[in-house]
Amino acid sequence: MKLKISYLILFTLIVNIFSANAIVRYVSKTGTSTPPYTSWQTAADSIQKCINICLDGDTVYVANGIYYESLIVNKYLWLIGSSMDSTVIDGTGLADITIDGNSDFILNGFNIFGKERNELSTTAIAFSGFNPNISNCRISKAGEGIYLGRSSGKINNIIVNDCNLGIGTFCA
């Protein structure tokens, strides 16, 4: 019983530390791209540019538009798009992994294109963290839509089309 209480106290402490220092940041094609991107007016023009200055626990809101980039997410973040119909991350012809999640993070409200469907080695979203949370996203044009390595995350309301494999997992 004492061990459970200790874990609960530790978990609460960690959540409070992250949320106390968390910053809300913005990405938009119409912003001035002025760090630290804390308003729609000063929003970053690139999702990766915003991620690069984020700290664990930050939230990034992404406005409607097409963002031609591949992302490396190595921090615990909330990435929130306006909607899977209007906020596009287009990795066509770019890196083999469009969103490379090297950390746990939350992804919601995006339309994600992989590099190309005919390449089996391409992946739209790859997580190497333990608890990814993907919801309300549309994924297409990749060899593999979502790859979950060593994770037990949550995947809700995902549309996968034009991929050779929808969701792949690996547990060692």
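As shown above, the structure is provided for reference.
Residues numbered from 1 in each chain as written. Predicted model: local features only at pLDDT ≥ 70, side-chain atom pairs only at ≥ 80, totals over all residues. Heavy atoms only, no water.

What to know about the overall build of the protein chain
For the record, the criterion: Only DSSP runs of H or I reaching four residues or more are called helices, and only runs of E reaching two or more are called strands; each is numbered from the N terminus. With a 1.4 Å probe rolled over the protein chains alone, any residue whose accessible area is under 20% of its type maximum counts as buried; one over 50% counts as exposed, and the rest are partly exposed. Shrake-Rupley sampling with a 1.4 Å probe provides the accessible areas, and residues are treated as covered by the protein chains on show and by no other component.
Summing up its helical and strand segments, the protein chain has two helices and twelve strands in all. When the helices and strands of the protein chain are listed from N to C terminus, the series reads α-β-α-β-β-β-β-β-β-β-β-β-β-β. Here the protein chain, with 172 residues, has 42% of them falling under the buried criterion. Taken as a whole, the protein chain presents about 8800 Å² of accessible surface, with 58% of it coming from carbon and sulfur.

Things to note about the packing of aromatic side chains
Pairs of aromatic rings are described using the distance from one ring centre to the other and the angle between the two planes. The condition is simple: Only Phe, Tyr and Trp rings are paired, with Trp represented by its six-membered ring, and only when their centres lie within 6.5 Å; those with planes under 30 degrees apart are stacked, over 60 edge-to-face, the remainder tilted.
Using the criterion set out here, one finds three aromatic pairs in the structure. Relative to Tyr 61, the ring of Tyr 26 lies with its centre 6.0 Å away and its plane at 25°, an arrangement referred to as stacked. Of this pair, Tyr 26 sits in strand E1 (residues 24-27) while Tyr 61 sits in strand E2 (residues 59-62), and the two are 35 residues apart along the sequence. You can call Tyr 26 buried: its relative accessible area is 17%.

Focus: a nonpolar patch on the surface
Rule in force here: Each patch groups residues whose relative accessible area exceeds 30% and which form no salt bridge, using 9 Å between like charges and 5 Å between nonpolar side chains of Val, Leu, Ile, Met, Phe, Trp and Tyr. Any Lys or Arg side-chain nitrogen found within 4 Å of a carboxyl oxygen on Asp or Glu counts as a salt bridge.
Together, Val 24, Trp 40 and Tyr 61 make up an exposed nonpolar region whose accessible area comes to about 270 Å². Given the relative accessible area of 33%, Tyr 61 is considered partly exposed.

A word on the nonpolar core
Here is the rule we go by: Put simply, a nonpolar core is a bunch of buried Ala, Val, Leu, Ile, Met, Phe, Trp, Tyr and Cys residues held in one set by side-chain atoms that sit within 4.5 Å of each other.
Core analysis: the biggest nonpolar cluster contains 31 residues, and Ile 47, Ile 99, Leu 107, Phe 110, Ile 112 and Ile 125 have the highest contact counts within it. Sorting the residues of this core by element identifies helix H2 (47-53), E2, strand E4 (71-73), strand E10 (123-127) and strand E11 (133-149) as the ones contributing at least two each. Of the residues forming this core, the biggest block, six residues, is contributed by E11.

Let's talk about the environment of Ile 66
Selection rule: Note on contacts: a residue pair qualifies if any of its non-hydrogen atoms lie within 4.5 Å across the two residues.
Within the fold, Ile 66 resides in strand E3 (residues 65-67). Distance from Ile 66 to Ser 28, taken between C-alpha atoms, is 9.8 Å for residues 38 residues apart in sequence. Apart from residues lying up to four places away in sequence, Ile 66 is in contact with Lys 29, Val 88 and Asp 90.

Concerning the pairing of strand E5 (residues 78-81)
Short version of the rule: When DSSP finds at least two bridges between two strands, those strands are taken to pair.
Here E2 pairs with E5 via four bridges, running parallel. Counted as the bridge partner of Thr 59 is Trp 78 from E5. Relative to strand E8 (residues 106-108), E5 runs parallel, the two being bridged by three bridges. Each bridged residue has a counterpart across the sheet, and for Ile 80 the counterpart in E8 is Asn 108.

Remarks on the side chain of Thr 98
How we decide: Residues adjacent in sequence count toward polar contacts only when both atoms are side-chain atoms; beyond that, a polar contact is any pair of N or O atoms within 3.5 Å, and within protein one must be able to donate a hydrogen and the other to accept it.
If you trace the backbone, Thr 98 turns up in strand E7 (residues 97-101). Its relative accessible area of 0% is what places Thr 98 among the buried residues. Here Phe 113 takes part through its backbone oxygen, which lies 3.1 Å from a polar atom of the side chain of Thr 98.

Some remarks on the state of the cysteines
Throughout this description, disulfide means a covalent bond between two cysteine sulfur atoms. The following threshold applies: The definition used for a disulfide is geometric: two cysteine sulfur atoms within 2.5 Å.
All chains considered together, the criterion is met by zero disulfides. A disulfide-free cysteine, Cys 50 has its sulfur positioned 4.4 Å from the sulfur of Cys 54, the nearest such atom. Note on Cys 50: relative accessible area 0%, which makes it buried.

Topic: the pattern of salt bridges
Applying the stated rule across the entire model yields five salt bridges. Between Asp 45 and Lys 49 there is a salt bridge, with the nearest N and O atoms lying 2.8 Å from each other. Linking Asp 162 and Arg 117 is a salt bridge whose minimum nitrogen-to-oxygen distance equals 3.6 Å. Taken together, the residues Asp 162 in strand E12 (residues 154-170) and Arg 117 in the loop between strand E9 (111-113) and E10 connect sequence positions 45 residues apart. Classification of Asp 162 as partly exposed rests on a relative accessible area of 42%.

None of the figures reported here should be taken as evidence of function without further support.
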